[in-house]
Amino acid sequence: MRHRHLSTLTLALGVAVLLDVLRVWLPSVITLFGRAAETPAELLGAFALGWFLLALAAPTLVRRVGAAPVGLVAAGVLAVARLALTAQPGGPAQLWSACAGLLAGLIWLAAVAAAVPRPVAGLALGLAGNAAGHALLGTEDLVWRGGVLAWGLSVLLVLAFLAASVAALRDRTGAPVGGEAGSRASVPGRRAWLLCGPALLLAGQVALAPAVWSAAAGTGSPDFPGLARPAGGSPLGALAVLLFLAAALFRAPLRLARLLWPSALLAGSVLFVTGRLVPAYLLTAVGLGGCLALTDTATGDDRAAVTDERDADGGRAGARRGRAAALGMLVFAVATVAYYAAYDLGYPNGWAPVATAVLVALVAATAPLRPAPAAPAPTSPARTASAPPPSGAASPGPVLPATVRVAALAGLTALAGLAAVLHVPATNVRATTATAAVRVAAYNIRMGFGLDGRLDLDALARELRGADVVLLSEVDRGWWLNGGHDTLALLAGRLGMPYVFAPAADPVWGDAVLSRFPMRSGQTRRLTAHGAPTGAQALGVTLDLGGRELAVVATHLQPPPGREPVEQAGEVAAFARRYANGRPLVLGGDLNTEPDDPAFAEFTRTGLVDALAVARPLRTSPADDPRSQIDHVFVSPGLTPGEVRAPRTEASDHLPVTLTVTLP
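Residues numbered from 1 in each chain as written. Predicted model: local features only at pLDDT ≥ 70, side-chain atom pairs only at ≥ 80, totals over all residues. Heavy atoms only, no water.

A. Quick peek at the packing of aromatic side chains. Using the criterion set out here, one finds 18 aromatic pairs in the structure. Ring geometry for phenylalanine 52 and phenylalanine 332: centres 6.0 Å apart, planes at 40°, overall tilted. With a gap of 280 residues between them, phenylalanine 52 in helix α2 (residues 41–54) and phenylalanine 332 in helix α16 (residues 316–345) connect regions that are remote in the sequence. Overall, the relative accessible area of 1% leaves phenylalanine 52 in the buried class. Given the relative accessible area of 0%, phenylalanine 332 is considered buried. Their ring planes at 85° and their centres at 4.8 Å tell us that tyrosine 339 and tyrosine 340 sit as a pair that is edge-to-face. We note arginine 405 situated over the ring of phenylalanine 250; from NZ or CZ to the ring centre the distance is 5.2 Å. One cation-aromatic arrangement involves arginine 477 over phenylalanine 501; the distance from NZ or CZ to the ring centre is 5.4 Å. (Phe/Tyr/Trp six-rings, centres within 6.5 Å; stacked < 30°, edge-to-face > 60°. Helix = DSSP H or I, 4+ residues; strand = E, 2+ residues; numbered from the N terminus. Buried < 20%, exposed > 50% of the residue type's maximum accessible area, 1.4 Å probe, protein only. Lys NZ or Arg CZ within 6 Å of the ring centre and 35° of its normal.)

B. Here's a closer look at the nonpolar core. Counting residues in each nonpolar core, the largest one holds 149 residues, and the members touching the most others are Trp25, Phe52, Trp193, Phe244, Leu245, Leu472 and Leu514. A total of 15 residues in this core trace back to one element, the largest contributor, which is helix α1 (residues 6–33). When sequence neighbours within four positions are dropped, the list of residues in contact with tryptophan 25 reads Ala48, Trp51, Phe52, Ala98, Cys99 and Leu102. Counting residues in each nonpolar core, the second largest holds 30 residues, with Val552, Val586, Ala611 and Val633 among its members. (Core = buried A, V, L, I, M, F, W, Y, C linked by side-chain atoms within 4.5 Å. Contact = heavy atoms within 4.5 Å.)

C. Structural view of the packing of helix α13 (residues 254–273) against helix α14 (residues 277–294). α14 packs onto α13 with a crossing angle of 145° between their chain directions and a minimal axis gap of 7 Å. Our pair here, α13 against α14, has a crossing hand that is left-handed. Where α13 approaches α14, its residues Leu254, Ala257, Arg258, Trp261, Pro262, Ala264, Leu265, Ala267, Gly268, Ser269, Leu271 and Phe272 are matched on the opposing element by Leu277, Pro279, Ala280, Leu283, Thr284, Val286, Gly287, Leu288, Gly290, Cys291 and Leu294. Taken together, the residues of the contact of α13 with α14 sort by class into 17 nonpolar, five polar and one charged. (Axes fitted to C-alpha atoms, helices over the stretch in contact; angles between N-to-C directions. Left-handed = near helix turned anticlockwise from the far one by under 90°. Nonpolar A, V, L, I, M, F, W, Y, C, P; charged D, E, K, R; others polar.)

D. Quick peek at the pattern of salt bridges. Taken as a whole, this structure holds 17 salt bridges when the rule is applied. Note that aspartate 610 and arginine 616 form a salt bridge whose closest N and O atoms lie 3.0 Å from each other. When its relative accessible area of 22% is taken as the criterion, arginine 616 is described as partly exposed. For the salt bridge of arginine 627 with aspartate 625, the shortest nitrogen-to-oxygen distance reads 3.0 Å. Through salt bridges that share partners, Glu140, Arg145, Asp458 and Arg494 make up one connected network. (Salt bridge = Lys/Arg side-chain N within 4 Å of Asp/Glu carboxyl O.)

Without other data, these values stay purely geometric and don't point to any function.
What follows is the structure in structure tokens.
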């Protein structure tokens, strides 16, 4: 028995599985193939793009062999790769398993595109469902968790995907092949499939990124930036899911939709680049959903293909949709690589998400005016291809019945809202009795990824337990390149410590301070780049030690190519002195300078004391063969450092530095 919603279900589940693989593949390319900037950016980009270029051959394979057999085999490989990654292999096995899963997923998309001319509902539900699940997991994916729960849920997801794929294959058996007629521009679903890749990027980077929701909720106030709020994950994330699905699954007046949705999408992408995260993801969510709905159209010459909702296994229209899907995913790859390569090559990267939004807006705004039928119906001779749409026509709606759309919207919105309640960060702690000795740790955590390429926040937490104050560098709060995790919130939750975050490279990447003592005030200062490709800042936080105050400054200096970060070191030292204003001071982080270098001297020249001097040489990088002393802690005169250590661990590419600071 055929069921016309099987393709929607299969596509939604497949998109969720593919996104899980992408969340591993993206950081694996950086940490394993790229060795975190040791591999030239050009070579790394070529490796990443090569898989998407290879997938351009998939439509030809589908047309020669057939969408059903190719799609089923690709679905099987994608499922196996997804489960293999759940085993957390790390190292080369993780990289190549993720590459196999990615390529299989791209081929599967091309096969599904050949058979499904109405993908918008499936794409929308897959994107929103994956976002809700990611939020419920606190942005730490099942593939990184392990254990019975991770394996159980992963197996259920994969089995559901495979069962739906097999059922859809049987449902297509004996279906008439259509879509041979018609011009290239009139192929049903071609525009929607072209937007598949750009939609994945804008959803993962901005609109449906739970880590971005979390980072936006904890920005604090201008006089105390970045303080984690008691509310934890903002309910505005659930609103983003609601807006996205409502715009994608329900009709709006066509003339209004063609102006409103592209405008909202463009505004959201610009606001994201400028750091206005809350309005950015809300506008991007509703604009992206609406633009997808605008492409859910059918045109006259191909109405017969839409009547059967398939022109599978060999039709020229199916091949064109497959090529559109492959090209759309290539756009996804190019925009992703272009955005993050800027932090190695030094060009402005804000254009990448904005240009992607412009592409989506143009494709949506120029879609045919003729709406797709809400349900399959025989072609009426009274309505020809040349007939204009009726006045006030609605934008194309999905194939799903209204009750299903409402249930999906309500259910996924509720799950995203539940996530905000489940993941509440530690709030500012109560005042303590007077304290004279403070245990300090400074650690470049490389966004939470160890040398084996695995996201292992438990390993990081083990190294930091026992510390009263933690200064973190390379903190990631939603970089799509790293899988879209809120590393700071996840690590702070394990340690039970409130945190303050300060953006540096962009709104969701920077430095942080965690403390067991109450944090009374904070201030940040953006550092001048001086030719460095990655931005840097200095974060000052005042701690209450039970009647006494301690000023803490966390930073991560970014040296210009081939030069020392002398100018930035001077800026940080001057900022720290002004911020401390006579109070005891601790300053630390990844300073990218050695003890005998001029940049190091900028700190001692201002009167600060090298707190690690008693343990020199104290090499901290790279973690598997420490040769460089580039992670440092300085204190103001009168503070006594002791118990200095740099424990060996491969939880990051740096070693942590820990010490006890005693106040007079």
